Amino acid sequence: MLALGAGSVLGLETVGNHSLRLNQNISRVPDLRNNHLVSLRDAAPENAVPRVLLIGNSALIVSGFLQKLEEHAACSGRNVRFARAAAYGARLIISLRIAELRHLIGDVSWDVIVLQDFSSVPLDRADRFASTLAINTFARIAGDVPLVLFPHWPSGPNHRVYGEGLGWRYRIPTDIRNYAHHAQSHYNAAAEDTGATVAPLLQRWVTSIESGQSLYKSDKHHANETGTELAAGALWHGVEKNLRVRQS
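Residues numbered from 1 in each chain as written. Predicted model: local features only at pLDDT ≥ 70, side-chain atom pairs only at ≥ 80, totals over all residues. Heavy atoms only, no water.

This part takes up the packing of helix 5 (residues 125-142) against helix 6 (residues 176-194). For the pair helix 5 and helix 6, interaxial distance at closest approach is 10 Å and the crossing angle is 30°. You can see that helix 5 and helix 6 cross each other, and the crossing is right-handed. Facing helix 5, whose interface residues are Arg-128, Ser-131, Thr-132, Ile-135, Asn-136 and Ala-139, helix 6 presents His-186, Ala-190, Asp-193 and Thr-194. The class makeup of the residues in the contact of helix 5 with helix 6 is three nonpolar, five polar and two charged. (Axes fitted to C-alpha atoms, helices over the stretch in contact; angles between N-to-C directions. Helix = DSSP H or I, 4+ residues; strand = E, 2+ residues; numbered from the N terminus. Left-handed = near helix turned anticlockwise from the far one by under 90°. Contact = heavy atoms within 4.5 Å. Nonpolar A, V, L, I, M, F, W, Y, C, P; charged D, E, K, R; others polar.)

Printed below as a string of structure tokens:
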């Protein structure tokens, strides 16, 4: 397992030849602000209700994602309290630097922690390295709390990701299925390293797109309500599986 103490991540820009992109700033709204993270920690009830923390980016924010996830839990007869620590454009390696987020993980008895990295991460070797480093470090902080890794879905057909639009450093996927292959490989490797579960999103997404379903907003990247419903269902599958194991 790759291991790095969370405190030592601060100020670190490279490991060997790998740039960790820590010089990039993110907009820490709506759910990565210190006061929000502190409020999540203070409000966490110490009772029998399972607690699930979601750490990620805009995919966990748009189109009422959290509400859809809560609906899936309710339909399964589960009373689950979800907490979200996410921001637009957030990468896990950057979010890891936020002290209040590390405290939130360590100070609350979570039943499951969900991790989602930025959409382009699987396409670049250095970004994959940084993502794996972050996931391993989050796993160390979480201790015996099970992790669910939540891959970002592929962007839609004709999105710039399938051409030169992301720049020379990225491996250019040829189509949706090719992107899904790269993403699945990255998250599978991280799961093998940490014992995490990978939510079964990518194949469901590809199958739905190939069957003609419309899953995107007009930007061909963020999910519309149908896509959000599909993504939330896939994530709930991974979360519920771990809740059953955790509480058995």
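Next comes the rest of the write-up.
Glancing now at the side chain of Ser-155. Secondary-structure assignment places Ser-155 in the loop between strand 6 (147-149) and helix 6. Classification of Ser-155 as buried rests on a relative accessible area of 6%. Here the side chain of Ser-155 touches His-221 through a polar contact of 2.8 Å, side chain to side chain. In this structure Ser-155 touches Val-161, Tyr-162, Ile-176, Tyr-216, Lys-220 and His-221, once residues within four positions along its chain are discounted. (Buried < 20%, exposed > 50% of the residue type's maximum accessible area, 1.4 Å probe, protein only. Polar contact = N/O pair within 3.5 Å; in protein donor to acceptor, adjacent residues only side chain to side chain.)

Turning our attention to helix 1 (residues 34-43). Every α-helical turn comprises 3.6 residues, leaving residues that sit three or four positions apart pointing alike. Three or more residues of helix 1 are buried, namely His-36, Leu-37 and Leu-40. Axial view of helix 1: buried residues confined to an arc of 100°, hence all on one face. Turned more than 90 degrees off the buried face of helix 1, the exposed positions are Asn-35 and Asp-42. The inward-facing, buried residues of helix 1 abut strand 4 (81-86) and helix 4 (99-107). (Arc of directions from axis to C-beta.)

Let us now look at the sheet that holds strand 7 (residues 197-198). The five strands are arranged 4-3-5-6-7 in an open sheet whose pairing can be described as parallel. The sheet is open, and its two edges are formed by strand 4 and strand 7, each paired on a single side. For strand 3 (residues 51-56) and strand 4, the ladder comprises six bridges, and the chain directions are parallel. Bridge pairing in strand 4 places Gly-56 opposite Ala-86. Contacting strand 3, strand 5 (112-115) and strand 6, helix 5 crosses the sheet at an angle of about 160° to strand 6. (Pairing = 2+ DSSP bridges.)

Another point: unusual backbone geometry. Look at Ser-63: it is not a glycine, yet its phi comes out positive at around 55°. Within the secondary structure, Ser-63 is located in the loop between strand 3 and helix 2 (65-75). We note that Asn-158 has phi near 70°; this positive angle belongs to a residue other than glycine. As for its placement among the helices and strands, Asn-158 is situated in the loop between strand 6 and helix 6. A relative accessible area of 70% places Asn-158 in the exposed class.

Below, the discussion takes up the packing of aromatic side chains. All chains considered together, the criterion is met by four aromatic pairs. Ring geometry for Trp-153 and Trp-205: centres 4.9 Å apart, planes at 5°, overall stacked. Placement of Trp-153 in the loop between strand 6 and helix 6 and of Trp-205 in helix 7 (residues 202-210) is noted, with a sequence separation of 52 residues between them. Here Trp-153 and Trp-205 have matching classes, each one buried. Here the aromatic cluster, defined as three or more aromatic residues joined through ring pairs, consists of Trp-153, Trp-205 and Tyr-216. (Phe/Tyr/Trp six-rings, centres within 6.5 Å; stacked < 30°, edge-to-face > 60°.)

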